[in-house]
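This is what each chain is made of:
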Amino acid sequence: MANASNQAMVPVAPSGMASVWHAHNVVSCRKKILAIAPTFEIFDIQGMPLVFCQEKLFKIKDDIRIYSDSSKKVELLRIKQRNIMDFVGVFDVFDPATDAKIGAFRRKGWRSWARDEWHLLDANEQQVGTILETGGAFWRRIFKFLPYTFGFNVGEQQVGTFIQHFSFIGYKATMDIAAWQPGSLDRRMAFACALLLMAVEAKEDANR
């Protein structure tokens, strides 16, 4: 039985898990190995799928669609790269049900080469936090196989971590956002961040 401290206590809506998928505090993030298009999934601590993401091939700008499962019937989030010519990289996150923007991620330019850093923006383009690479960032630039870790910060408080696990085959990571309270910033941004980090990493690895 899952530890109650690892799960947010919210009811399951009649429509299924898609309505409360972002209430989970500790999740497993994986990339499919043999998929033709880059495919990412997030599971709860019991191994049940929460979200599914498969990027489109041959897209000039990133347009990441996030679904409740591989059937792609229920779209949960949409991440769009703002400008293909923008070296820094700004990615807007939308609620597809309302087409309302819930926030954005802005990658810092040259500093991201030494230590990856993203600015976390709210729906009004105000910076409310950072996503900062932690651990041996310098050594990872030299030894590409080393796993990376990120800290999620809202204001002055660390509210989450994203930790990749070392593996010769496949990609696995754990995201822990137990300290990310719903009132501080939309929790869906944490899941969007996890999928964006995996997608960006996969693209950069493919271009090396």
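Placed above this text is the structure.
Residues numbered from 1 in each chain as written. Predicted model: local features only at pLDDT ≥ 70, side-chain atom pairs only at ≥ 80, totals over all residues. Heavy atoms only, no water.

(A) Structural context of unusual backbone geometry. Positive phi is not limited to glycine here, since D99 has a value of about 65 degrees. Among the structural elements, D99 can be located in the loop between β6 (90-95) and β7 (100-107). A positive phi angle, close to 70 degrees, is found at E125, a residue other than glycine. Looking at the element boundaries, E125 is found in the loop between β8 (117-121) and β9 (127-134). E125 gets classed as partly exposed once you look at its relative accessible area, which sits at 31%. (Helix = DSSP H or I, 4+ residues; strand = E, 2+ residues; numbered from the N terminus. Buried < 20%, exposed > 50% of the residue type's maximum accessible area, 1.4 Å probe, protein only.)

(B) Main features of the environment of V93. Counting through the fold element by element, V93 comes out in strand β6. Look at V93 and you get buried, because its relative accessible area is 0%. Distance from V93 to A123, taken between C-alpha atoms, is 8.8 Å for residues 30 residues apart in sequence. Contact partners of V93, with chain neighbours within four places excluded, come to L77, R78, I79, A100, K101, I102, G103, F105, M189 and A192. (Contact = heavy atoms within 4.5 Å.)

(C) Molecular detail of the pairing of strand β12 (residues 171-176). Burial along β12 is one-sided: the residues Y171, A173 and M175 are buried and none of K172, T174 and D176 is. Where strand β1 (residues 26-31) meets β12, six bridges bridge the pair, whose relative direction is antiparallel. Opposite S28, over in β12, you have T174 as the bridge partner. Pairing of strand β11 (residues 157-165) with β12, which is carried by five bridges, proceeds in the antiparallel orientation. Bridge pairing in β12 places I163 opposite T174. Once β11 ends, the chain turns through five residues before running back antiparallel as β12, passing G170 with a positive phi of about 85 degrees. (Pairing = 2+ DSSP bridges.)

(D) Main features of the sheet that holds strand β2 (residues 39-43). Within the closed barrel, the 12 strands sit side by side as β1-β2-β3-β4-β5-β6-β7-β8-β9-β10-β11-β12. Their pairing is antiparallel. Strand-to-strand twist of the sheet, defined as the mean angle between neighbouring strand axes without regard to direction, takes the value 20 degrees. One ladder, built from four bridges, connects β7 with β8; its direction is antiparallel. Paired with R107 across the two strands is W118, which belongs to β8. (Axes fitted to C-alpha atoms, helices over the stretch in contact; angles between N-to-C directions.)

(E) Seen up close, the environment of D116. Checked against the element boundaries, D116 lands in the loop between α1 (111-114) and β8. Of the residues examined, D116 reaches a relative accessible area of 8% and is grouped as buried. Residues D116 and Y148 lie 32 residues apart in sequence; the distance between their C-alpha atoms is 9.9 Å. Of the polar contacts made by the side chain of D116, one reaches the side chain of R107; its length is 3.0 Å. (Polar contact = N/O pair within 3.5 Å; in protein donor to acceptor, adjacent residues only side chain to side chain.)

(F) Region of interest: the environment of A194. Tracing the backbone shows A194 in helix α3 (residues 188-206). Residues A194 and T174, spaced 20 residues apart in sequence, show a C-alpha to C-alpha distance of 9.3 Å. With sequence-adjacent residues up to four places away left out, A194 is seen in contact with C29, I42, F162 and M175.

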